[in-house]
Amino acid sequence: MWLFETREDDDGLPGPERLLAVLALVSGTLMSVVDTTMINLALPSIAADLEVASADVVWVTTIFQVVSAAFLLVFAGLSELVTRRRIYLFGLSTFVLAALGSALSRQLELLLVFRALQGLGAAATLSIGASLYRLIFPSRLLGSALGLSALVVGGGYAAGPTLSGVMLSFTHWPWLFALNVPLGVVSLLLAYRALPREAPRQGSFDVPGALLSMLTLAGLFLTMDAIGHRAPLWQWAGLGAVALAGGTAFIRRQRRAAYPLLPLYLFGERRFTLAVSASGLAFIGQGLAFVALSFLYQEKMGLSPLLTAWLFTPWPLALMVVGPLADRVNPSVLSTTGLALVIAGFVALALVDKNTGIVGSLWRVALCGLGFGLFQPPNNREMMASLPAARSANVSGVMSTTRTVGQSLGVALVGAVLALGLAVQVTLWLGAVSALLSLVVSAARIPLARRAMQARASSTVA
């Protein structure tokens with residue numbers, strides 16, 4: 001396979017070592033991502049078994065997501081001091097041990113503790129995943145590598161409900177957690193054997209910046225979660241005020257810190273800033289669609305949860321087909337073209353009704369998946385390639401945070417629309433608007449990316 005071929009002038013790892021390292025990253029990332037969607041389907045079973053209220057058991061999912069979101073930038077910054085290899089091994093070990101603890105828990109309070117630890121482990125692995133791909137693969141394959149990363153993340157989100165539904169049909173909810181233990185041990189052994197070693201950066205760690213980052217992201221996520229669960233105005237407004245205050249203080253801290261957690265000068269590179277903005281807007285649409293379509297298929301069309309999960313499969317599969325193009329074509333042109341397809345897909349999905357049928361639903365989801373597949377890998381490549389390799393850990397943290405916040409905002413919008421008593425199709429129209437804004441941002445960077453490709457080609461010839 002071309003991803004694991006070795007050439008004389010390649011940077012990164014040799015082909016055979018590259019394969020082992022990728023297996024470690026894929027298995028570790030897949031566990032973390034699948035877990036974010038897999039447990040949702042088991043919440044009623046957990047509530048009944050532990051004899052707790054439905055409102056309380058929701059925290060089994062929420063605490064995982066809040067902790068994971070809060071620590072993404074922290075681990076990305078910390079990886080420069082202790083190396084990405086050690087952060088990844090720590091995250092994977094923590095996640096696996098916490099999964100075992102979750103499987104053995106028989107009180108909600110204890111389960112929540114282990115779920116928080118799982119979120120901590122997931123944050124460590126997801127925050128630096130993209131930067132490890134840049135460390136492992138040669139520059140000529142960066143787009144394909146990031147396409148593989150996008151496929152794993154997208155496939156994990158889509159596969160979670162299906163896997164959960166199948167397992168719950170044959171076994172009890174603790175096995176959803178226990179499944180991670182043998183898989184995690186194998187992934188941990190592969191990671192210890194294959195992940196590259198690197199020299200740590202000299203300097204200090206921005207502790208105040210890390211605390212403010214955690215406050216900001218946790219407050220922001222809890223605000224969006226409160227909106228999604230139709231909480232009272234005073235509750236989500238108060239949480240939003242905390243997030244805003246934390247974010248303001250965080251930016252001030254980053255401007256004067258000797259070793260900032262997130263160097264703000266990164267956003268002085270327009271290609272990077274536009275790519276981040278386009279990513280955030282696109283992921284709002286994706287997060288919105290995944291939740292809205294679940295309601296649409298089950299409540300409006302009367303489909304089963306398992307069939308609903310199956311209808312999502314064209315989305316991640318399309319990523320596998322188009323990812324390699326990011327290394328051959330202007331990535332901004334690809335991303336903008338993909339977003340046009342996403343908009344068309346959202347509009348088509350907004351017009352779905354109970355008479356649409358399975359085939360009619362599949363091609364609409366496939367159109368969104370094809371569009372997102374054209375958008376995400378090239379856009380991620382733009383984020384990575386627009387800045388020096390030494391800043392790839394920071395870039396990876398921004399990528400993960402942008403994806404998480406965008407998807408969470410999309411989920412919150414679905415909750416807000418449903419709370420207002422509007423039809424679920426309204427959220428899909430909002431997804432089309434979000435994708436349109438992303439397209440406008442993406443189109444603005446096409447000339448910048450063209451000049452960068454011309455400069456890279458000139459330097460190669462010279």
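Residues numbered from 1 in each chain as written. Predicted model: local features only at pLDDT ≥ 70, side-chain atom pairs only at ≥ 80, totals over all residues. Heavy atoms only, no water.

Take the confidence of the model for the protein chain next. Of all residues in the protein chain, 90% have pLDDT values of 70 or greater, and the mean over the chain is 83. Put simply, helix α14 (residues 314-322) is where the protein chain has its lowest mean pLDDT, 63, and helix α5 (residues 84-104) is where it has its highest, 94. (pLDDT = per-residue confidence, 0-100. Helix = DSSP H or I, 4+ residues; strand = E, 2+ residues; numbered from the N terminus.)

Moving on, we come to unusual backbone geometry. Here the phi dihedral of glutamate 51 falls at roughly 60 degrees; this positive angle occurs in a residue that is not glycine. Despite not being glycine, threonine 83 shows a phi value in the positive range, around 80 degrees. Position of threonine 83 relative to the elements: it lies in the loop between α4 (59-82) and α5.

Turning to the pattern of salt bridges, a few remarks are in order. Applying the stated criterion to the full structure yields four salt bridges. Residues glutamate 198 and arginine 84 are paired through a salt bridge, measuring 2.7 Å at the closest nitrogen-oxygen approach. Taken together, the residues glutamate 198 in the loop between α9 (180-194) and α10 (207-228) and arginine 84 in helix α5 connect sequence positions 114 residues apart. Under the relative-accessibility criterion, glutamate 198 is labelled partly exposed at 25%. Its relative accessible area of 9% is what places arginine 84 among the buried residues. Between glutamate 382 and arginine 271 there is a salt bridge whose closest N-O contact spans 2.8 Å. Taken as a pair, glutamate 382 in helix α16 (residues 357-385) and arginine 271 in helix α12 (residues 270-300) lie far apart in primary sequence, 111 residues in all. Take arginine 271: its relative accessible area is 11%, and that puts it in the buried class. (Salt bridge = Lys/Arg side-chain N within 4 Å of Asp/Glu carboxyl O. Buried < 20%, exposed > 50% of the residue type's maximum accessible area, 1.4 Å probe, protein only.)

Let's shift gears to the side chain of threonine 401. Looking at where threonine 401 falls in the secondary structure, it is placed in helix α17 (residues 392-419). Reaching out from threonine 401, the side chain makes a polar contact with the backbone oxygen of glycine 397 at a distance of 2.8 Å. Beyond its immediate stretch of four places on either side in the chain, threonine 401 contacts Leu72, Leu73 and Leu217. (Polar contact = N/O pair within 3.5 Å; in protein donor to acceptor, adjacent residues only side chain to side chain. Contact = heavy atoms within 4.5 Å.)

Angle between the axes and distance between the axes: these two values describe a pair of packed helices. For the pair helix α15 (residues 331-350) and helix α18 (residues 425-444), interaxial distance at closest approach is 9 Å and the crossing angle is 165 degrees. Classified by the angle their axes make, α15 and α18 are roughly antiparallel. Between α15 and α18 lies a crossing of left-handed hand. Facing Ser332, Ser335, Thr336, Leu339, Ala340, Val342, Ile343, Phe346, Val347, Leu349 and Ala350 of α15, the residues of α18 in contact are Gln425, Leu428, Trp429, Gly431, Ala432, Ala435, Leu436, Ser438, Leu439, Ser442 and Ala443. The residue makeup of the contact of α15 with α18, split by class, is 15 nonpolar, seven polar and no charged. (Axes fitted to C-alpha atoms, helices over the stretch in contact; angles between N-to-C directions. Parallel < 35°, antiparallel > 145°, perpendicular 65-115°, else oblique. Left-handed = near helix turned anticlockwise from the far one by under 90°. Nonpolar A, V, L, I, M, F, W, Y, C, P; charged D, E, K, R; others polar.)

Let us now look at the environment of isoleucine 63. Relative to the assigned elements, isoleucine 63 resides in helix α4. The spacing of isoleucine 63 and leucine 117 is 54 residues in sequence and 9.4 Å in space, taken between C-alpha atoms. Filtering out sequence-adjacent residues up to four positions away, isoleucine 63 remains in contact with Leu112, Arg115 and Ala116.

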